[in-house]
Each structure stands twice: as structure tokens, then as C-alpha cells.
Amino acid sequence: MSSKVPYFHVDAFTARALGGNQAAVMMLEAWPDDATLQAIGAENMFAETAFLVPDHTGAADFELRWFTPAVEVAMCGHATLASGHVVLAQDPMRGRVTFATRKAGILEVARDGDRYVLSVPVVATAPGRFDAAVPLLGAPVPDEVRQCAGYNLFVYPSAADVLALAPDFKALLQFGDVQFIATAPGAGHPSGADVVSRVFVPGGGIDEDAATGSAHAALTPLWAHKLGRDTFAAHQASARGADFACRLAGNRVLLGGGCVTVVEGLFRLP
């Protein structure tokens, strides 16, 4: 027999509806099989669907997993911020919520006035090369390439270089489920941000992501070093646009942003 579970459609890392990145947040009592979770991710067709189950181990408040339309991911920032928004909106007196994840450890979302702050582990990158991918991004050779497992950062001289990118998404598929993160100083960009970026994940079923918290876990330590300060404003220059307040705090990255619930209802599980 099918059952109905709470369902929320949330726009994250934005102060307005129809901005930032869309996430579906679904609150379950227990885990269905992985094939069902993946099918729901494909049904929703958002960059990520977040699934929450109460954590009875005491490690955190909830267990949390994320699925794109094509794959389960190791860490997703915007859908975690959206999940925190959903939980905290149901209890105005509650200040924070924690999530136990399978590959990213314990994540936390806390209130910060009319927005939220997401705490995630630093993603540390090192100088590298990706000569096969550089021309496929459709821009001049970047000033710098940095890498770690699953993340490829391309640093360009100006925001205009990042905005002009026209990636060959079909060709980038050959490299699998990895992020291609293009970034530059924000000088001259209308957002007024210190840093701009765009993020492409065609191997994960997302040609261009609208707002990517996990990418900013890698961008924050890089730009904190380049800017010479631990806090800065970042703008993800996707079609929808997204804004991040970034702070490097030891081995954690704190990402501030707003959330807006667009749809709330019930989802019928198979």
C-alpha cells in the first residue's frame, strides 16, 4: 500500500522565490530501498532531492541523503540548507539542526536572523592540471587549476571570462560525476560580490548547477587565501543566480544564505 509523506520545494541561497537553487525535501520515517530513492530523484528533476529520516543513534537529529536525477551524491550544500530551513521553520524556538550523512560527516544548519548558516567540512584542493578539460569549457586558458577528488577549480582573470564560458557538456560527460568550477574575482560584476563562479556537473545529470554549496566548500579556502581574509561574499552566476556569505573557520566552511519555500504538500510513495 502506498503512503504519503511531507514534501517541500525550497529555493536555497536566495532571498526571493524563483532564485537560487531548487531542492525537494522529503521527510521519511524509515529508508526505502535505494532504487526508490533514485526514482524519486528522477521524478522530481531538481538538482537534488534531500531525504530526511530521524536519527535514533543520538549522533544527529536526522540522517540525510541526497539524490540528483541520475546519482546519489556525497555532499550537497543547497539541499542541506533547504533541509535545515524546513526543520527549523516547523519549530520557531529551535536554533539549529544537525544531519548525519554517509560521506560528509555531521552537517549543521543554524539560524542567523532571517537566513541560515550551513557548516560543512573544508574541501582542500591542490595545484593541478586538467589539459583535456580546459578547452571544453569554451574559454581562454585559466590562470590556475586546482583539484581534489571530484572537484576541479579553474581560476580566471575576470568575472567576464567566467560569464562567457560555453562548455561542451556532451564532451565533459567523459570525465564522469565530477564538478567543473569556474571562478574569478567579482570586480565589475553587478552582484557586487567579492568572488563569482559557475559550476558544471554534466556527469551528475546537471549541466549547470544554479547554486552549489559543496563547490563553495572548495572555493572558500582558496579565496580566503587570495583575498587575505576569512570572510567574503560570493555570487554563483547561474541563470537563477545565488548568493553566499562565506567564512573559513578552521577546518569548516560556514555558508550563509536565505531560503524560500515555494511548494508544501504531500508526496505519494510507491
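Nothing here was measured: the structure is a model prediction, and the numbers come from that model.

Engineer: So what's going on with the overall build of the protein? Which residues, and what values?
Structural biologist: Within the protein, the secondary structure is distributed over five helices and 18 strands. Against the compact-globule benchmark of 18 Å for 270 residues, the protein has a radius of gyration of 18 Å, which places it among compact chains. For the C-alpha atoms alone, the extent of the protein along its principal axes is close to 55 × 40 × 30 Å. Put simply, the protein has 270 residues, and 55% of those count as buried. Counting contacts in the protein only where the partners sit at least 6 residues apart, residues at least 24 apart contribute 61% of the total. Of the roughly 11,300 Å² that the protein leaves accessible, carbon and sulfur atoms contribute 54%. Looking at charge distribution, the protein has the averaged site of its 19 positive side-chain charges lying 2 Å from that of its 27 negative ones.

Engineer: Which residues make up the layout of surface pockets, and what values go with them?
Structural biologist: There is about 550 Å³ of room inside the largest pocket. Around the largest pocket, the lining is made up of 33 residues, and of these Val 73, Ala 74, Met 75, Tyr 151 and Gln 179 lie nearest the centre. Looking at the lining of the largest pocket, the elements with two or more residues in it are strand 4 (62–67), strand 5 (72–73), helix 2 (77–89), strand 14 (206–209) and helix 5 (213–227). Considering each element in turn, the lining of the largest pocket owes the most residues, three residues, to strand 4. Across the lining of the largest pocket, the residue classes tally to 17 nonpolar, nine polar and seven charged.

Engineer: Explain the pattern of salt bridges to me, using residue names and the numbers behind them.
Structural biologist: A pair can form between side chains of opposite charge whenever their charged atoms are brought close. Per the counting criterion, the structure on display carries 11 salt bridges. For Arg 94, the salt bridge goes to Asp 61, with nearest N and O atoms at 3.1 Å. With Arg 94 in the loop between helix 2 and strand 6 (96–100) and Asp 61 in the loop between strand 3 (48–54) and strand 4, this residue pair connects regions lying 33 residues apart in the sequence. A relative accessible area of 24% means that Arg 94 is categorised as partly exposed.

Engineer: Just give me the short version of helix 1 (residues 34–44), but keep the residues and values in it.
Structural biologist: Those residues of helix 1 not exposed but buried are Thr 36, Leu 37, Gln 38, Ile 40, Gly 41 and Asn 44. Packed against the buried residues of helix 1 are strand 1 (3–12), strand 2 (21–27), strand 3, strand 4, strand 5 and strand 18 (259–269). Between the side-chain oxygen of the N-cap and the backbone nitrogen of Ala 35 there are 3.1 Å, and the N-cap of helix 1 in question is Asp 33. Following helix 1 by one or two positions, Met 45 has its phi on the positive side, about 60°.

Engineer: Can you lay out unusual backbone geometry for me, pointing to particular residues and giving the numbers?
Structural biologist: Peptide bonds are mostly trans, and most non-glycine residues show a negative phi. In this model, Phe 13 sits at a positive phi of 60°, which is unusual for a non-glycine residue. Within the secondary structure, Phe 13 is located in the loop between strand 1 and strand 2. Even without a glycine there, the phi angle at Met 45 is positive, about 60°. Position of Met 45 relative to the elements: it lies in the loop between helix 1 and strand 3.

Engineer: Describe the state of the cysteines, naming the residues involved and giving the relevant values.
Structural biologist: Counted by the stated rule, this structure contains zero disulfides. The cysteine Cys 76 is free of any disulfide, with Cys 259 supplying the nearest cysteine sulfur at 11 Å.

Engineer: Which residues make up the packing of aromatic side chains, and what values do they have?
Structural biologist: Here the structure, examined in full by the defined rule, presents nine aromatic pairs. Pairing Phe 130 with Phe 180 gives two aromatic rings, centres 5.9 Å apart and planes at 35°, and the pair type is tilted. Pair noted here: Phe 130 is in the loop between strand 9 (126–127) and strand 10 (144–148) and Phe 180 is in strand 12 (residues 179–185), with a separation of 50 residues, a long-range link. Assigned by exposure class, Phe 130 and Phe 180 land together as buried. When the ring of Phe 169 is compared with that of Phe 200, the centres are 5.9 Å apart and the planes differ by 55°; the resulting orientation is tilted.

Engineer: Could you give an account of the side chain of His 216, naming the residues involved and the relevant values?
Structural biologist: Note on placement: His 216 falls in helix 5. Given the relative accessible area of 1%, His 216 is considered buried. Of note is the side chain of His 216, whose polar atom sits 2.9 Å from the backbone oxygen of Thr 212. For His 216, the contacting residues outside a window of four places in its chain are Ser 197, Pro 221, Ala 234, Gln 236, Phe 244, Cys 246, Val 253 and Leu 255.

Engineer: Mind laying out the environment of Phe 67, listing which residues take part and the relevant values?
Structural biologist: Locating Phe 67 in the fold gives a position in strand 4. Owing to a relative accessible area of 3%, Phe 67 belongs among the buried residues under this scheme. Along the primary structure Phe 67 and Ala 79 are separated by 12 residues, whereas in three dimensions their C-alpha atoms are 9.8 Å apart. Residues in contact with Phe 67, not counting those within four places in the same chain, are Asp 34, Leu 37, Gln 38, Gly 41, Ala 47, Glu 48, Thr 49, Phe 51 and Glu 72.

Reading the values: rules and limits
Residues numbered from 1 in each chain as written. Predicted model: local features only at pLDDT ≥ 70, side-chain atom pairs only at ≥ 80, totals over all residues. Heavy atoms only, no water. Helix = DSSP H or I, 4+ residues; strand = E, 2+ residues; numbered from the N terminus. Rg over C-alpha atoms; globule rule 2.2 N^0.38 Å. Buried < 20%, exposed > 50% of the residue type's maximum accessible area, 1.4 Å probe, protein only. Contact = heavy atoms within 4.5 Å. Areas by Shrake-Rupley, 256 points an atom, 1.4 Å probe, with all protein chains shown as cover. Lys, Arg positive; Asp, Glu negative; His and termini not counted. Charge placed at Lys NZ, Arg CZ, Asp CG, Glu CD. 1 Å grid on protein atoms, 1.4 Å probe; cavity = no way out; pocket = protein on both sides within 12 Å on 5 of 7 lines; lining within 4 Å. Points joined across faces, edges and corners; volume = space filled by probe spheres on them. Nonpolar A, V, L, I, M, F, W, Y, C, P; charged D, E, K, R; others polar. Salt bridge = Lys/Arg side-chain N within 4 Å of Asp/Glu carboxyl O. Polar contact = N/O pair within 3.5 Å; in protein donor to acceptor, adjacent residues only side chain to side chain. Disulfide = S-S within 2.5 Å. Phe/Tyr/Trp six-rings, centres within 6.5 Å; stacked < 30°, edge-to-face > 60°.

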